[in-house]
Amino acid sequence: MTGGDGSGRDTALDERPAIDPPEWFVEQANVADPSVYETFEREWPDCWDRAADLLDWTDPYDEVFRGGDVPPFEWFPGGRLNAAYNCIDRHLPERKNQLALIWEGHLGESRTYTYRELHREVNAVAAALREKGVSEDDVVTVYLPMVPELPVVMLACVRLGVVHNVVFAGFSADALAERMERTGSEMLVTCDGYYRRGSAVAQKNKADNARIAVEQDVSVVVLDILSRDVHLGDGYYDYDELRAAHDGETVAPVSRDASDTLFRIYTSGTTGEPKAVDHTTGGYLAHVAWTSQSVLDIKPEDTYWCSADIGWITGHSYIVYGPLALGTTAVLYNGTPDHPEKDRVWEIVDRYAVDVFYTAPTAVRTFMKWGEEYPERHDLSSLRLLGTVGEPIDERAWRWYREHIGGGECPVVDTWWQTETGAILVSTLPGVDAMKPGAAGRPLPGIETSVVDPAGEAVDVDEAGELVVTRPWPGMPSDLRTGEGWGAAATCGDEWRYYPEDGASVDVDGYVTVLGRVDDAINVAGRRFSTMELESAITGVEGVAEAAVVGASHETAGTALYAYVSPEGGYTEADLRGRIESAVEDAIGGVATPETVVFTPDLPKTRSGKVMRRLLTAVANDEELGDTSALRNPEILGELQSATPDR
Ligand code: WTA
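The protein chain has the name Acetate--CoA ligase in an unreviewed UniProt entry, where Haloarcula pellucida is given as its organism. Heading Sequence similarities (unreviewed entry) of the UniProt record for the protein chain holds this comment: "Belongs to the ATP-dependent AMP-binding enzyme family."

Asker: How would you summarise the overall build of the protein chain if you had to cite specific residues and measurements?
Answerer: When helices and strands are counted, the protein chain shows 21 helices and 31 strands. For the protein chain, the spread of C-alpha atoms along the three principal axes comes to 75 × 70 × 55 Å. When each of the 647 residues of the protein chain is scored for burial, the buried share is 60%. Contacts in the protein chain between residues at least 24 apart in sequence constitute 71% of all its contacts with a sequence separation of at least 6. Side-chain charges of the protein chain comprise 55 positive and 110 negative groups, with the mean position of each set lying 2 Å from the other.

Asker: Talk me through the site of the ligand; I want residue IDs and the actual numbers.
Answerer: Neighbouring the ligand are 17 residues; Asp414, Thr419, Asp502, Arg517 and Arg528 lie closest to it. With respect to the ligand, the backbone of Thr415 contributes an N or O atom lying 2.8 Å from a nitrogen atom. Here an oxygen atom of the ligand and a side-chain polar atom of Arg528 are 2.6 Å apart. Going through the elements one at a time, helix H12 (313-325), strand S20 (412-415) and strand S26 (512-517) are the ones with two or more residues in the shell around the ligand. For the shell around the ligand, the per-class residue count stands at 6 nonpolar, 6 polar and 5 charged.

Asker: Requested: an account of helix H16 (residues 395-405), with residues and values cited.
Answerer: The set of residues buried in H16 consists of Ala397, Trp398, Trp400, Tyr401, Arg402 and Ile405. Downstream of H16 by a residue or two, Gly407 has a phi angle that is positive, lying close to 60 degrees.

Here is what the cut-offs are and how they apply
Residues numbered from 1 in each chain as written. Predicted model: local features only at pLDDT ≥ 70, side-chain atom pairs only at ≥ 80, totals over all residues. Heavy atoms only, no water. UniProt positions renumbered as here; feature names shortened; annotations may be inferred. Helix = DSSP H or I, 4+ residues; strand = E, 2+ residues; numbered from the N terminus. Buried < 20%, exposed > 50% of the residue type's maximum accessible area, 1.4 Å probe, protein only. Contact = heavy atoms within 4.5 Å. Lys, Arg positive; Asp, Glu negative; His and termini not counted. Charge placed at Lys NZ, Arg CZ, Asp CG, Glu CD. Near = heavy atom within 4 Å. Polar contact = N/O pair within 3.5 Å; in protein donor to acceptor, adjacent residues only side chain to side chain. Nonpolar A, V, L, I, M, F, W, Y, C, P; charged D, E, K, R; others polar.

Encoded structure:
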């Protein structure tokens, strides 16, 4: 099979060997007709009808897309729907007793919810939230670890037309407060605490601190996880009591306009501040449902496992909304991959006969490092498709994944997308396309991308440049859709473009290889952090004069954070090291703690005083320094090299 772009070009001409999906996969694939690319192209934008057809609408839309060459754009105008209805109620006639969620806890405890049980839970919680005064368009902040109540609360909000704002449970009180304050959220759902790597995290303490820090009054619903009888003062409610008081009640799903906000999520942007991304009810849901079907090949009878945390966009789109919209069984895991043993993930795959597994390249590299003896202990033959997301996956890890997890047979999809895109934009279609390890694939049907130079001109085949998305897509966030402030979008001539801030190249078959961020964001273990945010946390420590954070390649995490810090006179490394770590933990969370902190009397600077990050990155990666003539203080480089630990 060739790239299927109709050019008849043999992918074997390219240096990278292409691997066809096996026939048994193609025969059963949701999307197996290679003409899907041409059809979408010919019918654009009406091709996106197919995605919208996967949903139930209370009011049909007037047209698929309304808009000209530039914003405002509107997807499915006139259409109305409720996302919780689409993820639960409409499945009841056919599969009320099918499992919707299988939850596995860190000690091996498990809980399951059929669609009927999920319906009951979501309705009870929706009724409780409504009774506490939450109504359409309000923002509820959710600060929970990976427990079933997290998707339950999200869907309860959505049932009411309430916007959820999920904050990753590992974030700090400050990070929570900032996100609550900026949304004006007056309701917070959290828990007493939870176990992470064997130690108890005092989640409610963090929530209490955030509640005090914000200007608005906040009511707090507390889920009891640790059974420690925490005191709930004024303005606090017990989750289980509220739920029990409303058990058995039903709440009519509130119809929302296709462009109404479904949820808000914050991500790391180019500035030091977290960036709010609002996803829409119609366009987003249609896009995640369609990509869950066409790229992840999910079928209702599947058991599907995405090992991300719901606190990040991957979990929103591909644990909760996409899979449940398609009526499948989704696994949720609250634990680590090496506890009690390094075969934990494969033990779960084996036990539940998981069909489709979606994870981050960093996890694959970790499994590879641990060795194949762990997957070999289990029967993984139920697996049909493997996927990755969050960072580039190198050819070696890709091959290992396919060989040792996929039995040498499963297609592997390397899916490129981001918080802002809401859903997958670039990937192979596993039932159609040949795979090239190391390259994500072509833009999906209906999606158009290009790789451009700084002047905005398309670069030559295999040349590096910046990835741009050149046509609107249904899952686009509200600010890009309305064009408000234009954000990361721009025009080049008459053409509208979205800049995802990723470097990339395109090969002769149109396959995109993503090279990594071009802005100040760094992807660590598939999670996105802003260097500015980290640096401002570090420079906030008394005694720190300056700090620069760069990414250094890391065997399993892909990239590790290296902080270069120059102290003020009179302060020593011994004074500052611990305080820097806690400052980062306070500002963002322990997940952002730098792997290495290097103390240096000065940072490499240009004559105008600008820190040369390129040189710091080279030092951290033990690479050639290249041209250093612009430096004011070249003597610092040798010192930095010897102070950076060997890797
Ligand atoms: C990176 C996660 C290479 C990229 C869904 C993007 C990838 C950022 C891939 C978004 C991939 C995601 N290959 N890089 N398949 N997928 N990325 O917002 O740099 O947390 O811009 O969304 O992850 O990170 P975010």
